[in-house]
Number of protein chains: 2
Amino acid sequence: MKITCEKNSLLKGVNTVMKAVSSKTTMPILECILIDASSDEIKFTANDMELGIETKVEGTISEKGIVALEARLFSEIIRKLPESDVTITTDTNLSTLITCEKAKFSIMGRDGEDFSYLPFVEKDSCISISQFTLKELIRQTIFSIAQNESNKMMTGELFEINQDQLRVVSLDGHRISIRKIELKETYEEKKIIVPGKTLIEISKILNGGTEDLVDIYFTENHIMFEFDQTVVVSRLIEGNYFRVDQMLSNDYNTKVTINKKEFLDCIDRATLMVKEGDKKPIILNIANDVMELKITSQIGSMDEMIDITLEGNDIKIGFNPKFLIEALRVIDEETINIYYMNPKAPCFIRDEKETYIYLILPVNFIDAA
Amino acid sequence: MKITCEKNSLLKGVNTVMKAVSSKTTMPILECILIDASSDEIKFTANDMELGIETKVEGTISEKGIVALEARLFSEIIRKLPESDVTITTDTNLSTLITCEKAKFSIMGRDGEDFSYLPFVEKDSCISISQFTLKELIRQTIFSIAQNESNKMMTGELFEINQDQLRVVSLDGHRISIRKIELKETYEEKKIIVPGKTLIEISKILNGGTEDLVDIYFTENHIMFEFDQTVVVSRLIEGNYFRVDQMLSNDYNTKVTINKKEFLDCIDRATLMVKEGDKKPIILNIANDVMELKITSQIGSMDEMIDITLEGNDIKIGFNPKFLIEALRVIDEETINIYYMNPKAPCFIRDEKETYIYLILPVNFIDAA
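Residues numbered from 1 in each chain as written. Chains lettered and ligands numbered in written order. Predicted model: local features only at pLDDT ≥ 70, side-chain atom pairs only at ≥ 80, totals over all residues.

Asker: Any chance you could explain the overall build of chain A here in plain terms?
Answerer: Each helix and strand in chain A was counted, giving six helices and 24 strands. Principal axes of the C-alpha set define a box for chain A whose edges measure 80 × 50 × 35 Å. Counting over 369 residues, chain A shows a buried share of 41%. Sequence-distant contacts, at least 24 apart, represent 70% of the contacts inside chain A between residues at least 6 apart. (Helix = DSSP H or I, 4+ residues; strand = E, 2+ residues; numbered from the N terminus. Buried ≥ 20, exposed ≤ 12 C-beta atoms within 10 Å, placed from the backbone. Contact = placed C-beta atoms within 7 Å.)

Asker: Got a minute to help me understand the sheet that holds strand β7 (residues 85-90) of chain A in this structure?
Answerer: Strands pair in a sheet through their backbones, by hydrogen bonds, and they do so in one of two ways: parallel or antiparallel. Spatially, β5(A)-β1(A)-β7(A)-β8(A)-β9(A)-β19(B)-β18(B)-β17(B)-β21(B) is the arrangement adopted by the nine strands of the open sheet, whose pairing is antiparallel. Of all strands in the sheet, those with a lone pairing partner are β5 (60-63) of chain A together with β21 (315-319) of chain B, marking the two edges. The sheet shows a mean angle of 15° between the axes of neighbouring strands, direction not considered. Strands β9 (103-108) of chain A together with β17 (282-287), β18 (290-296) and β19 (300-307) of chain B of the sheet are contacted by helix α5 (residues 260-270) of chain B, whose axis makes an angle of about 175° with β19 of chain B. (Pairing = 2+ DSSP bridges. Axes fitted to C-alpha atoms, helices over the stretch in contact; angles between N-to-C directions.)

Asker: How do you make sense of the domain arrangement of chain A when you look at a structure like this?
Answerer: Frequently, the measure chosen for interface size is the accessible area removed from exposure when the parts meet. Residues and elements named next belong to chain A. When the domains of chain A are assigned, the result is domain 1 (2-114), domain 2 (125-243) and domain 3 (248-360). When each unit is reduced to the centre of its C-alpha atoms, the spacing between domain 2 and domain 3 is 28 Å. Top contributing element to the side of domain 2 that touches domain 3 by residue count: strand β12 (residues 175-195), with six residues. Looking at side-chain class alone, the side of domain 2 that touches domain 3 contains three nonpolar, four polar and four charged residues. (Domains from an automatic or database assignment. Nonpolar A, V, L, I, M, F, W, Y, C, P; charged D, E, K, R; others polar.)

Asker: What is the right way to read the relation of the copies chain B and chain A from this model?
Answerer: Here the two chain copies are tied together by a rotation about an axis and a shift along that axis. For these two chains of identical sequence, chain B goes onto chain A by a turn of 180° and a shift of 0.0 Å along the axis, with RMSD 0.0 Å. What the rotation and shift describe, once combined, is the action of a two-fold rotation axis. In terms of proximity to the rotation axis, the leading residue of chain B is K204 of chain B, whose C-alpha is 16 Å off the axis. Of the interface residues in chain B, 100% have counterparts in chain A that sit at the interface too, so the contact is made through matching surfaces. (Least-squares fit on C-alpha atoms with pLDDT ≥ 70 in both.)

Asker: Is there a simple way to explain the pairing of strand β1 (residues 2-6) of chain A in this structure?
Answerer: The side chains of a regular strand alternate between the sheet's two faces. Residues and elements named next belong to chain A. Only one face of β1 is buried: it carries I3 and C5, and the other face, with K2, T4 and E6, is open. Note that β1 and β7 share five bridges and pair antiparallel. Residue pairing for β7: C5 is matched across the bridge by V86. Examined bridge by bridge, β1 and β5 share three bridges and lie antiparallel to one another.

Below is the structure:
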């Protein structure tokens, strides 16, 4: 094999597929990037058996061939080369020469035949959304997947297509995050669970352009994203996702309208009074168009008032501040509505059209007052 | 005590003195910042008994007093307050109230009497240099102090004043870094050893302005830096520093003139072939106005040619690439001169006027060729 590419094209290709390189594995081939120049295109592939990424790299092929190179080393070499044309040559022993200007690296490659290509995904069911939208959907829900692997389903997100709506849901037993968007067309009903790791990695590769589209294909076991020069394929999580709709409700006794930034900053300050690992709740005391936040711990105490618009009953309710902070951080609106039922029922942060819903369970607290 | 300051003045003050807050200590008072508003000025002080920093903070004093506050908590509270006026009030029990707009924090302070003030430093011997110069002197030498505490003296830097010259020296047994500057006046001869930690921390506080001066005072056991609104006092390391001049030499058999960036980038690339912890040297083969760099390891091999101007004999010599990289990184000149004697003697990277000298010991290598 002999190919020549600009350093920056190589670097872009390497950075894209690196996300699917296995870091912990006993199979050295999974730590490799496959360079496939066996046809008329140069393609880089990495595949950790859960997530696979393939991307096209611009360049010229002087001699067709395939080689797998240790990903971290290859990436570091490319990164440190001068900004110029890079030639990669392999001989029949897979000994690989990387040259750029006067620099010459010689490393051993591995047989491309040992490499696991991306699984084949039938392109029948496809939806198209902008890279920006997909990136936002992920950002606004990913924080509430479970970190703990004990319930596999909670480590993924539900992608649910219903006619012309896509709903993305994540939950971890204490809270639920839901984002809903309208699609341009109407599709068959579909429910799949996408691993959180896949979404985190794809979010890093997406350029986030509002004009650039991602095509998303689903099969029984896989999801495939196609965009720019790149294909990402991931296994799905098996099973039937939790029945989210049963947990939602539009009833409320108290509706609070509040400036999001003020609320977020205030909770953020309050958490200074909580030692890490401590499960101290933050108490919201809502009455007379004022929300009072109060937290007391061994460290000290903090209290602050925020002007709000109140509709309905007064309420005093406690929350894990982390859950409030994480939801508030991803909401882009300046003013938000929060709906409360009673101090033991979840609160809902949602907009009128329910393009987002954040459900958060309250925490019991001992009312000293 | 009752004082009112802008949030940003407080934050600047806190950030300045934080560098001298002890992180590992069994004495809680050393983890505090002292707020001293007992006279007409507000002063923040931190002191870990090696290094002490005091800085003035702008603000108004409504009630004189002193209190010591847990540094990390106080700093976090200030950081998270809105950008507005902050009032700090303590009562006779040292219970401290920090208020800003509608936010109120209540934390416990400690008795300022328990706090160790900065040691008194007689202001007789003083030199004045720009913040820029001091920062550069540190940056260009600090990397070659010893990390290991086994030889205390190597963890510091020699500051040597001789007439109108200040020479700063650091060494770790494998290399020596020397920077020399001219002072505006002539001073008494003086040699002191300043702890590396002090220099690293002060370097972070200096704004680095070419017009802003630092006054440096020396006594038997302390060095004091005065600049802006801040005073930094540090203990000195006791002892007689190594006799550096005996190790220097202007003789050479080979003089190489080389583009610094090309040389640095090339060595940087070569290190990719060295596993961390491995002591593989990089071999420089200098002949016919070309320097060939070559490195071979289990990972692979790398070789590269750099055009040079050669004066004197050909030479083949090996170095620890880290030592070359660290010296080359801090040299600002585009083209540098390197002087070699033989493959067993140190090389010298220095300019004509010897404003900088970097001595690096070579490494033995087995010549396979």
